Amino acid sequence: MTIMSAVLSPPVAVSPLKPSSIKGATTEAPWVRRTLIGVALVFLTLFLFVPLIAVFVEALKKGWDVYLAAIVEEDALSAIKLTLLTAAIAVPLNLVFGVAAAWAIAKFDFRGKNLLLTLIDLPFSVSPVIAGLIYVLVFGLQGWLGQWLQDHDLKIIFAVPGIVIATIFITFPFIARELVPLMQAQGTEQEEAARVLGASGWQIFRRVTLPNIKWALLYGVILCNARAMGEFGAVSVVSGHIRGQTNTMPLHIEILYNEYQFAAAFAVASLLAGLALVTLALKYIVERRVAAQKKQAIEGVPA
């Protein structure tokens, strides 16, 4: 009888939790949040804002005349031109590689797929100095291809081609690593539907795939360009530090600083700092678009 009454008795109503109790169970105390935010702000102030402000203060310490003279000086202009040239070559090549690698990894299954993913991450795990040394051992005068290059009057190390190659190696993961997760989340349904409807491979890429990855692609290009212009380690090894010929902006800053030309060094450094600020602003804007695009790919909701 007891069992039957328990079975036939109406269920006991459970009162829902109040929103305030749910909030208190899933968030920390106010003092914990304020402490963590304060620690983060102190850290950012000491290691980001203060050095950044110091660059511009030191650059303008002796006035605008000295600042402008340091930037328009012949060696500085040569370093700026070489930096822009290197980025103009490395970024488009990495764009092509990144899109091709992401397309292959996200849209196809093939033997060696995991190996390709590992190789894409290689520049993140190898020191830039070691990467530069590898190219010296391959293309240098005493390297594997050194004698052949000399016989054909070709020069890679201590010349612009070596700087470009080292920069490409250091920066090639950025675009691919931004595209792979997004393209994997999007799947292959849209491409397959376009193929069934008779679209060619180029039409599928231009009208289906590219619009779906445009913000992630732009995000990767921004990061790749910033790293290409600011790279120091690998470029330092392969450049030879030939003033006015193979010095990029970071290398030119190092030379000026070592020669105690502090105002000129900080003046050129302020250009890279300005590039960093522009990159952060663009990164923030595009990052929101990328997040919305990933949300659309995963949940199928409008971005």
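Residues numbered from 1 in each chain as written. Predicted model: local features only at pLDDT ≥ 70, side-chain atom pairs only at ≥ 80, totals over all residues. Heavy atoms only, no water.

A. Geometry of helix H13 (residues 201-230). With 30 residues, H13 extends just 36 Å between its outermost C-alpha atoms, more than 12% less than the 44 Å of an ideal straight helix rising 1.5 Å per residue. If you look at H13, its biggest bend is around 60°, right at Leu210, and the proline Pro211 turns up within four residues after that. (Helix = DSSP H or I, 4+ residues; strand = E, 2+ residues; numbered from the N terminus. Expected span 1.5 Å × (residues − 1). Bend = angle between axes of the 7 residues up to and from the residue.)

B. Expanded view of the packing of aromatic side chains. With the rule as written, the count across this model stands at twelve aromatic pairs. Their ring planes at 35° and their centres at 4.7 Å tell us that Phe43 and Phe47 sit as a pair that is tilted. Remark: Phe47 and Phe43 occur in helix H3 (residues 30-59); sequence separation between them is four residues, near one turn of the helix. On the basis of relative accessibility, which here comes to 58%, the residue Phe47 falls in the exposed class. Members of the aromatic cluster, each reached through a chain of ring pairs, are Phe97, Tyr135, Phe139, Phe169 and Phe172. (Phe/Tyr/Trp six-rings, centres within 6.5 Å; stacked < 30°, edge-to-face > 60°. Buried < 20%, exposed > 50% of the residue type's maximum accessible area, 1.4 Å probe, protein only.)

C. The arrangement of helix H10 (residues 160-171) in detail. For H10, built from twelve residues, the straight-helix expectation of 16 Å at 1.5 Å per residue is met to within 8% by its first-to-last C-alpha distance of 17 Å. Among the residues making up H10, those that are buried are Gly162, Ile163, Val164, Ala166, Thr167, Phe169, Ile170 and Thr171. Residues of H10 that are buried in the fold lie against helix H5 (74-107), helix H7 (122-125), helix H8 (128-139), helix H11 (173-186), H13 and helix H14 (233-239). (Contact = heavy atoms within 4.5 Å.)

D. Structural detail: the packing of helix H12 (residues 189-196) against H13. H13 packs onto H12 with a crossing angle of 150° between their chain directions and a minimal axis gap of 10 Å. In terms of orientation, H12 lies roughly antiparallel with respect to H13. Here H12 and H13 pass one another in a crossing that is right-handed. Two secondary-structure elements touch here, H12 through Gln190, Glu191, Ala194 and Arg195 and H13 through Gly201, Ile204, Val208, Thr209 and Asn212. (Axes fitted to C-alpha atoms, helices over the stretch in contact; angles between N-to-C directions. Parallel < 35°, antiparallel > 145°, perpendicular 65-115°, else oblique. Left-handed = near helix turned anticlockwise from the far one by under 90°.)

Bear in mind that shape data such as this cannot, by itself, settle questions of function.
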